[in-house]
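# Remarks on the overall topology
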Amino acid sequence: QVQLVESGGGLVQAGGSLRLSCAASGRTFGTMGWFRQAPGKEREFVAAISWGGGSTDYGGSVKGRFTISRDNAGLYLQMNSLKPEDTAVYYCAASTAGSPWYRRRSLYDYWGQGTQVTVSS
């Protein structure tokens, strides 16, 4: 049974930091990523990482502030210099394959339930 379980969300002031975790179990994964969705908006690509962690990419709005990483237990997102515009539900996603199409939601076979991140001020 494949499970992705996010944790680490919460309320933080602008300029602060949070670290999201996604515990992944049930099988091995290729490409993994983070997406986010604010009320009334489309689900947005945040970051992706290759199976071995050697390649990463970020959405333009978070590049330079967020860092994605992974190990054999799961997926992580270090978020620094948070802005109110980062407020959203953040979702962990995993693909059974590696793929260059990592910005596309359709690549991912599995999704977590989401964790709320709220940035004040």
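Refer to the preceding data block for the structure.
To start, this report covers the structure provided alongside it. The model shown is predicted, which means the values in this text are computed figures rather than measured ones. (Residues numbered from 1 in each chain as written. Predicted model: local features only at pLDDT ≥ 70, side-chain atom pairs only at ≥ 80, totals over all residues. Heavy atoms only, no water.)

### Quick notes on the nonpolar core
Rules: By convention a nonpolar core is built from buried Ala, Val, Leu, Ile, Met, Phe, Trp, Tyr and Cys residues, the set being connected through side-chain atoms within 4.5 Å. Type-normalised accessible area, obtained with a 1.4 Å probe on protein chains alone, sets the label of each residue: buried when under 20%, exposed when over 50%, and partly exposed for intermediate values. Here a helix means four or more residues in a row that DSSP labels H or I, a strand means two or more in a row labelled E, and each is numbered from the N terminus. The contact criterion used throughout is that any non-hydrogen atoms of two residues lie within 4.5 Å.
Of all hydrophobic cores here, the largest spans 27 residues; its most connected members are M32, W34, L77, M79 and Y90. Elements with a contribution of two residues or more to this core: β3 (18–25), β4 (32–37), β5 (44–49), β7 (66–71), β8 (74–79), β9 (88–94) and β11 (115–120). Contacts of M79, omitting those with residues within four sequence positions, involve G16, S17, L18, L20, R65, F66, Y90 and V117. The next biggest cluster of nonpolar side chains, apart from the first, holds six residues, and it includes F45, A48, A93 and L107.

### Quick look at the packing of aromatic side chains
Counted only if it meets this: Aromatic contacts are taken between Phe, Tyr and Trp rings whose centres are within 6.5 Å, Trp giving its six-membered ring; a plane angle under 30 degrees counts as stacked, one over 60 as edge-to-face, and the others as tilted. We call a charge positioned above a ring when the Lys NZ or Arg CZ atom is no farther than 6 Å from the ring centre and deviates by at most 35 degrees from the ring normal.
If you walk through the whole model with that rule in mind, you get six aromatic pairs. On the numbers, 5.9 Å between centres and 70° between planes, the contact of Y108 with W111 is edge-to-face. We classify W111 as partly exposed; its relative accessible area is 28%. Over the ring of Y91 we find R43, and its NZ or CZ is 3.7 Å from the ring centre. Lying across the ring of W111, R43 places its NZ or CZ 5.1 Å from the centre.

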